[in-house]
Amino acid sequence: MTKGFSATPYAVAGDLVLKHEIPARQPWSGTIRKGQLFRLIDTCGQQAVDTLFYRADDHAERYSAQDTLLAQGSAYISTGTKLVSNAGNVLLTVVADSCGRHDTSAGACSCESNTVRFGHHTKFEHACRENFAIEVARHGMTKRDIVPNINFFMNVPIAPNGDLVIDDGISAPGAYVEMVAEMDVLCVISNCPQINNPCNGFNPTPVGVEIYEPPAS
Amino acid sequence: MSGMTTSSSEAQIAENRRRYEALKAAGTGTAPKKMPPPTESGASPVDPQDIVRTETIPGGWYANYRLKAGERLRIESTEGTSAVALLAWNSTDTSERLNHADTVKIQWTAALQKGRLLFSDMGRVLFSILEDTSGAHDILVGGSSAATNVMRYGDDPSLRNTRTNMNLAAAKFGLGPRDIPPLVTFFAPVFVTDSGSFAWREDARAAGDFIELRAEMDLLVALSNCPHPLDPAPTYIAGPINVAILEGLPAAGDDFCRSATVEAARGFQNTDTYLGARP
């Protein structure tokens, strides 16, 4: 990796604003205010957390996987990555990461893509795109607002020849990633229910979200 | 503790893993058919009788087209200095559009080339790549913006960019910024190094390179002809591109793109069902 790697938790967070456990297979959404610290915890390990961000006061501005990778010049998300919007603005900055590498090129699972990837017997299984559709609807959005996302704690190495596989997760139980909001953002999560590949160790589990105020200065 | 597993779920996990490993073996390396080599320069000439329409897009500009299912879109980089970004929407339901992530994930590769497909977010095929001379395309990094142009070339407002072009192209279909997903860029030889950084293979493209795509449903298509943001050239260089829309050909029974992989076959199964059961 060209980026530095820090396994150190963000040491100077302020008061806890929210602490929530997202059950296995379930969605969640919440607002993170500018300056607040957002911590995601892979409680049991090897659990993909499909995540989208939208500008809180204008949902047409949202996370852009391609603009994020272009801005940092490399293919994976870790400490130091600026999560960039489709308007070129920084939504959040990753400030700590005990896992080391997160995917943003393989997107979210869906009932429809599952039929192509794994066979039509998987059509009627729960999927991230179902979670996203339900959760963005709570904020007045539709399927057209569901863009390719970040997969925190998902391991998708991309080879120089383009080969790409969703590999065994490298996040240990309790692994975390922390980011600071650079503007007010809406976060929408699907705690991935996929059981047909190793992104969840074939066994979806709960994850934790925590939001902290900026440190008192 | 919800992370704990029982012996019966352990058995299910093992069975899920066994099925995945079988799919992975089928989709990587040992695919049922190998992808064909690139189209040779000068091969596959256009039959003038097939031409529906042609247009030359100058460097920096964009264009939009409506394609019927079966029609072909041929894009030629006349000088070898063009990079051509593409977006596509299902013309009868524009909420279905190119999904770059599903395209790479389904096919187990970020390397687009002759024989590969572009998928929508609905598990259906938008385009097949029938011909391709370069095999040097980007699906991970995306296009330029006003800001990246300033960083690369200095503050020159006359230099056009792909983000603005795609907003304009979408607007002419009645679509807006919410309808613009990540895109693919042809003739943009980007790859991921072992360290995870992006690199550029300039020798992978040449004057006269072309790609020919077959629309697999009725499509709205936007093209933008601007330098790729990772193009290392110190100045803004974008040659013109020749675009030709060609009539559809009768589908051959042994069509490579439809049957190259199990994923392709299932994607076309979904597409055919949606379009109303072709044989």
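About the cut-offs
- Residues numbered from 1 in each chain as written.
- Chains lettered and ligands numbered in written order.
- Predicted model: local features only at pLDDT ≥ 70, side-chain atom pairs only at ≥ 80, totals over all residues.
- Helix = DSSP H or I, 4+ residues; strand = E, 2+ residues; numbered from the N terminus.
- Buried ≥ 20, exposed ≤ 12 C-beta atoms within 10 Å, placed from the backbone.
- Contact = placed C-beta atoms within 7 Å.
- Core = buried A, V, L, I, M, F, W, Y, C linked by C-beta atoms within 7 Å.
- Nonpolar A, V, L, I, M, F, W, Y, C, P; charged D, E, K, R; others polar.
- Pairing = 2+ DSSP bridges.
- Axes fitted to C-alpha atoms, helices over the stretch in contact; angles between N-to-C directions.

Enquirer: Would you take a moment to explain the overall build of chain B for this structure?
Expert: Regarding its fold elements, chain B presents six helices and 12 strands. C-alpha extents for chain B along the principal axes are approximately 65 × 45 × 40 Å. Across the 279 residues of chain B, 48% fall into the buried class. Within chain B, counting contacts between residues at least 6 apart in sequence, those at least 24 apart form 78% of the total.

Enquirer: Please explain the nonpolar core as it appears in this structure.
Expert: Generally speaking, nonpolar side chains in soluble globular proteins are found buried as a group. Counting residues in hydrophobic clusters, the biggest one holds 132 residues, and the most contacted among them are Phe 53 of chain A together with Leu 86 and Ala 88 of chain B. Those residues in contact with Leu 86 of chain B that lie beyond four places of it in its chain are Leu 183, Val 184, Phe 186, Val 221 and Leu 223 of chain B.

Enquirer: Got a minute to help me understand helix 2 (residues 111–118) of chain A in this structure?
Expert: The α-helix winds at 3.6 residues per turn, so residues separated by three or four positions along the chain end up facing the same way. Residue and element names in this part refer to chain A. A large share of helix 2 lies buried, amounting to seven of its eight residues. For helix 2, the complete set of buried residues consists of Glu 112, Ser 113, Asn 114, Thr 115, Val 116, Arg 117 and Phe 118. Backbone geometry just downstream of helix 2 places Gly 119 in the positive-phi region, at approximately 110°.

Enquirer: Even after reading the chapter, I still don't get the interface of chain B and chain A, so can you show me in this structure?
Expert: Accessible area lost on assembly of the parts is the figure often given for the size of an interface. The interface of chain B with chain A comprises 50 residues on the first partner and 49 residues on the second. Here the element with the most residues in the side of chain B that touches chain A is helix 1 (residues 7–27) of chain B; it accounts for eight residues. Across the side of chain B that touches chain A, the residue classes tally to 20 nonpolar, 19 polar and 11 charged.

Enquirer: What's the story with helix 2 (residues 100–107) of chain B in this structure? I'm lost.
Expert: The buried count for helix 2 of chain B comes to eight of eight residues, which makes it a mostly enclosed element. Within the span of helix 2 of chain B, buried status applies to His 100, Ala 101, Asp 102, Thr 103, Val 104, Lys 105, Ile 106 and Gln 107 of chain B. In this fold, the buried residues of helix 2 of chain B make contact with helix 2 of chain A together with strand 5 (117–119), strand 7 (184–186) and helix 6 (262–275) of chain B. Among the residues trailing helix 2 of chain B, Trp 108 of chain B stands out with phi positive, at a value near 60°.

Enquirer: What's the story with the sheet that holds strand 2 (residues 62–67) of chain B in this structure? I'm lost.
Expert: Sheets are built from strands that pair by backbone hydrogen bonding, the pairs being arranged parallel or antiparallel. Residue and element names in this part refer to chain B. Sheet architecture is open: four strands sit in the order 2-11-4-7, paired in antiparallel fashion. On the outer flanks of this sheet lie strand 2 and strand 7, each paired with one strand and no other. Put simply, the sheet's adjacent strands are angled 25° from each other on average, direction ignored. With three bridges connecting them, strand 4 (residues 84–90) and strand 7 associate as antiparallel partners. Considered in strand 7, the bridge of Leu 86 is made with Val 184. Packed on one face of the sheet, helix 4 (residues 162–171) meets strand 2, strand 4 and strand 11 (219–225) and runs near 150° to strand 11.

Enquirer: Please explain unusual backbone geometry as it appears in this structure.
Expert: Trans peptide bonds make up most of the peptide bonds, and negative phi angles are found at most residues other than glycine. Phi at Arg 25 of chain A is positive, roughly 75°, even though this residue is not glycine. Locating Arg 25 of chain A in the fold gives a position in the loop between strand 1 (16–22) and strand 2 (27–32). Among the residues examined, Arg 25 of chain A registers 20 C-beta atoms within 10 Å and is labelled buried. Unusually for a residue other than glycine, Ser 44 of chain B sits at a positive phi of about 55°. Within the element layout of this structure, Ser 44 of chain B appears in the loop between helix 1 and strand 1 (51–57). C-beta crowding within 10 Å serves as the criterion here: with 14 such atoms nearby, Ser 44 of chain B is assigned to the partly exposed category.

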